[in-house]
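Descriptive analysis of the structure
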Amino acid sequence: MIPEIGHFAIIIAMVIAIVQAILPLAGAAKRNTRWMGVAKPAAVTQFIFMCVAFICLAYSFATNDFTVKYVAGHSNTYLPMAFKLSAVWGGHEGSLLLWALTLSGWTFAVALRSQQLPQIMLARVLGVLGLVAVGFYSFLIYTSNPFERLLPQFPVDGADLNPLLQDFGLIVHPPMLYMGYVGFSVVFAFAVAGLLGGRLDSAWARWARPWTVASWCFLTVGIALGSWWAYYELGWGGWWFWDPVENASFMPWLSGTALIHSLAVTDKRGVFKSWTALLAILTFSLSLLGTFLVRSGVLTSVHAFASDPERGFFILAFLFLVIGGSLLLFAIRAPRLQTESQYSGVSREVLLLANNVMLVLATVIVLMGTLFPIFFDVLGLEKISIGAPYFNAMFGPVVVGLLFLMGIGPLLNWKRHKIGRLIRPFIIAFMSSVIIAMIALNLLGMSLSLWVCLAVIVAVWVVWLTLLDFYRKMNTARQGLWAGFNRLSRSYKGMVVAHMGIVVTVVGVTIVATQDVEKDVRMRAGDSTVVGEYEFRFRGVQEIPGPNFTAQRGQVDVYVDGSLVAQLTPEKRRYWVQRNTMTEAAIDAGFSRDLYVALGEPLGDGSWAVRIYFKPFIRWVWGGGLIMAFGGVLAMSDRRYRLKVKKRLLSGLHAGAQA
Amino acid sequence: MKWIRFGVPLLLFVVMAAFLAKGLENDPRHLPSARVDQKVPEFSLPTLNDEAVLVTQQNLKGPLLLNVWATWCPSCRVEHPMLNALSSQGVRIVGLNYKDERAEALAYLEKYHNPYSMVIFDQDGDLGLDLGVYGAPETYFIDANGVIRHRHVGVVSDVEWEQNLSAIWRSLAEEKI
């Protein structure tokens, strides 16, 4: 009964979404207020029904209802309750349900926080979101129904959740990622609504900004969590593989980052309008493309858990309608957008344009690397796989260039800047960056390569110039520095924090990628091996029972100068139901280094293959992500987004209608 | 004219979508192997039945199928009846027992019938690593000179066999004559 309710709730939500798509958009075209008024209640009820559907599926998991095919395929009576609930999104159908729920959730949020929006704009935004939702609901209902029953014959017990997914990281990673992915649908809807209305001005950008930053924060945290999960769960000590599925989340992040900056320019200066709209479309398109790549089976990946050409065609058709349609609209409407101000020579606009070019370039690099294997295949050339070397080689220069610009950008004025006054601070900053970077590299005792040096130099460069700018802006108040600090806007502080986050991540990536130590050794109980200043002593392996697995637990004690600093217990788990073995690495995490031990295979005669990794600064990689997200949250809470700007907007709208 | 400039993104997207649509028809499981058209890598491993008997690349002169399997791999169990059928049709299949336990593997063959003319016991996955095994099951087509001619990733189903693989097998078998 419960699964049928869930199924039914999706169908109702879809019907509501159809209404939400048609009436408000038609109403906006015909200036019919009553039709437009449908948008808000529709968004609210749609969300309620999706919650019902989701709860029904969670209930089926919690009660071990193996008559439901999806539950039977992804759960088991022995599975701990927390994983039963997270198994709801452990497979294709359920994660799609989560996608749809997230979409309706964002729609709901837009409907709630829309007091500032003119009704016609809100109607268009919600209408576009409704259109997107219709696509996802029909995908759910027609190709991926999570409530499908296995009747009359159903299994006594389920096939269990993939052990890789039985983990805390996987409980939180997909919802975060989806919040980010799907959140970009809001700015997409804003862009389409703006193009439909022929109006993409500062006010429009100001509405769209907090939503964009919010999704970007979720996506940032989601990517960081995914990387962290891969690091501790896969047991290879790797934290980024340039795997198609990782790329699928990284591409919208890159173009979303560009979008945030471009929106800032449109907001403040009323320029880059069509470019901003294009970026908004691009960012959401890349989110959809990510879904397509993961779900269609067009690429092989460690993450792909459903590969089905029929679903692939459905998503591709949907992709074609959404992206093709919005780009067509863009081609027709964008030429009519007008620039509201001028800028010339060296100005913040130009710097941000350069930043955008770099970020889009980075996106294209990732896109090409991800899609080239498909293109080659289609053209009948050989199957190729583009690996990490391509991405690393291409990415290094782009990141160095981006950081270089990131240092300069905030110091420049809008419109035009007399560069003469900046030359001296820039030269001083550059010299000191070089000196500080060299001292730091020496202190850390790192092997020097061109890219390591460059990365650390630009990192110091950014910190130096950002702090200089921060100090200057703080120092303008007569009442002293503290008053000056308080007077700075949260969006400026957020930017500073986010930029520092980038620096932290870049430093972490640079160091861990070049300085880590990996050692595969054969160890017997009592053996020890030395990595750097650390001595690893192997104490042997014991068998330990778990809830739905049996573990071989090794113990490794780590000493520095004869004193114990860490006791690590890596495990080799054998899951009963799916009968596969998982490596649970043991990690001693630290600010400046991780010690990572994983059990390999037993080699007979009581000895084991043991993998020992020394990972310097690895925590910085994800820590930087969290700092960036915090910066985003800070920027979002800026009071200018909460101000009542309604009046000005309405008058603007009026003027627009007359023109 | 402006229309054209703003239409460029649309154009690029249409081209990309066409490629993606075409890409869907290709099966990602046809993975290339760096080893295709090369000799079987050198190895020296015991057989599953007898630890004292060592097998090397010299013993893998075809035509034969080298089938990577393990007891921990559910798809291998799905594939097993097909292998039994093939071996009864006279296809020579050599098993590569991959990262497995000897006792369990022997019990498995006892229970489900043994289609292999010989089983190589690769407990540490050394040969698997050299072959570039992506995941069990995988099947390599090896010709009379010990050269890998084709690699199939995933279950050898009767449909797969009829549509693609039997032709490859026949061409290998005919070459020998």
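Model, not experiment: these values are computed from the prediction.

Focus on the confidence of the model for chain B
- Looking at chain B as a whole, its pLDDT mean stands at 81, while 89% of the residues score no less than 70.
- For this predicted complex, the interface score ipTM comes out at 0.73, while the overall pTM is 0.79.

Here's the deal with the domain arrangement of chain A
All names here are of chain A.
- As assigned here, chain A comprises domain 1 (1–166) and domain 2 (517–619).
- Look at where the C-alpha atoms of domain 1 and domain 2 centre, and you get two points 42 Å apart.
- Counting from both sides, the interface comprises 12 residues of domain 1 and, opposite them, eight residues of domain 2.
- On the domain 1 side of the interface with domain 2, the three residues burying the most area are Y78, D160 and P163, jointly 57% of the side's total.
- Where domain 1 touches domain 2, the interface holds zero residue pairs in polar contact (both at pLDDT 80 or more).
- For the side of domain 1 that touches domain 2, the per-class residue count stands at seven nonpolar, four polar and one charged.

Here's the deal with the sheet that holds strand 1 (residues 517–523) of chain A
Residue and element names in this part refer to chain A.
- Overall, antiparallel pairing links the four strands, which are arranged 1-10-9-8 in an open sheet. Edge strands, defined here as strands with exactly one partner in the open sheet, are strand 1 and strand 8 (586–588). On average, adjacent strands in this sheet sit at an angle of 20° to one another, irrespective of strand direction.
- In terms of strand pairing, strand 8 meets strand 9 (residues 593–602) through three bridges, oriented antiparallel. Its bridge partner being in strand 9, D588 is matched across the sheet by L595.

Brief notes about the pairing of strand 4 (residues 549–560) of chain A
Residues and elements named next belong to chain A.
- By the bridge criterion, 11 bridges tie strand 3 (residues 534–545) to strand 4 in an arrangement that is antiparallel. Paired with Y534 across the bridge in strand 4 is V560.
- As consecutive antiparallel partners, strand 3 and strand 4 are separated by three residues.
- Looking at chain direction, strand 4 and strand 6 (residues 571–575) are connected through five bridges and run antiparallel. By the bridge assignment for strand 6, T550 is matched with R574.

Notes on the packing of helix 1 (residues 2–30) of chain A against helix 3 (residues 39–62) of chain A
Residue and element names in this part refer to chain A.
- Put simply, helix 1 and helix 3 touch, their axes get as near as 8 Å, and they point 160° apart. Our classification of the angle between helix 1 and helix 3 gives roughly antiparallel. Both helix 1 and helix 3 take part in a crossing whose hand is left-handed. Of helix 3, the residues touching helix 1 (which contributes I2, P3, I5, G6, A9, I10, I12, A13, I16, A17, Q20 and P24) are A39, A42, A43, T45, Q46, F49, M50, V52, A53, C56, Y59 and S60.
- Of the residues belonging to the contact of helix 1 with helix 3, the class tally is 19 nonpolar, five polar and no charged.

Side note on the sheet that holds strand 4 (residues 93–98) of chain B
All names here are of chain B.
- An order of 5-4-3-6-7 is seen for the five strands of this open sheet, with the pairing classed as mixed. The two strands at the open ends of the sheet, each matched to only one other strand, are strand 5 (118–122) and strand 7 (148–153). Geometrically, the sheet is characterised by an average inter-axis angle of 20° between neighbouring strands, direction not taken into account.
- Of the strand pairs in this sheet, strand 4 and strand 5 are connected by five bridges, and their pairing is parallel. From the neighbouring strand, Y98 faces strand 5, where its bridge partner is D122.
- This element, helix 2 (residues 74–88), spans strand 3 (64–69), strand 4 and strand 6 (138–142) of the sheet and lies at about 160° to strand 3.
- Docked against the sheet, helix 3 (residues 102–112) engages strand 3, strand 4 and strand 5, running at close to 120° with respect to strand 3.

So, how was this worked out
- Residue indices begin from 1 for each chain and proceed along its sequence in written order.
- Going through the entries in the order they are written, you letter the chains from A and number the ligands from 1.
- With the structure being a predicted model, the display of local features is reserved for residues of pLDDT at least 70 and the display and counting of side-chain atom pairs for 80 or more, all residues being used for whole-chain, interface and lining totals.
- Excluding hydrogens and water, the side-chain figures rest on all heavy atoms present in the structure.
- pLDDT measures the predictor's confidence residue by residue and takes values from 0 up to 100.
- An automatic or database domain assignment provides the domain bounds reported here.
- Contacts are assigned to residue pairs that have any heavy atoms within 4.5 Å of one another.
- By definition, the buried area sums, over both parts, the 1.4 Å-probe accessible area that each loses when the two are put together.
- Each polar contact in these results corresponds to two N or O atoms within 3.5 Å; when the atoms are within protein, one needs to be able to donate a hydrogen and the other to accept it, and residues that are neighboring in sequence are counted only if both atoms are side-chain atoms.
- Gly is put with the polar residues, along with every residue not named as nonpolar or charged; the nonpolar set is Ala, Val, Leu, Ile, Met, Phe, Trp, Tyr, Cys and Pro, and the charged set is Asp, Glu, Lys and Arg.
- Following DSSP output, two strands are said to pair if at least two bridges run between them.
- Put simply, DSSP H or I for four residues or longer makes a helix, DSSP E for two residues or longer makes a strand, and each gets a number counted from the N terminus.
- Lines fitted to C-alpha atoms define the axes here, with helix axes fitted over just the stretch in contact, and angles between the N-to-C directions of these axes take values from 0 to 180 degrees.
- In what follows, roughly perpendicular refers to angles from 65 to 115 degrees, roughly parallel to angles under 35, roughly antiparallel to angles over 145, and oblique to any angle outside these ranges.
- Should the near helix be turned counterclockwise from the far one by less than a right angle, the crossing is left-handed, whereas a clockwise turn marks it as right-handed.

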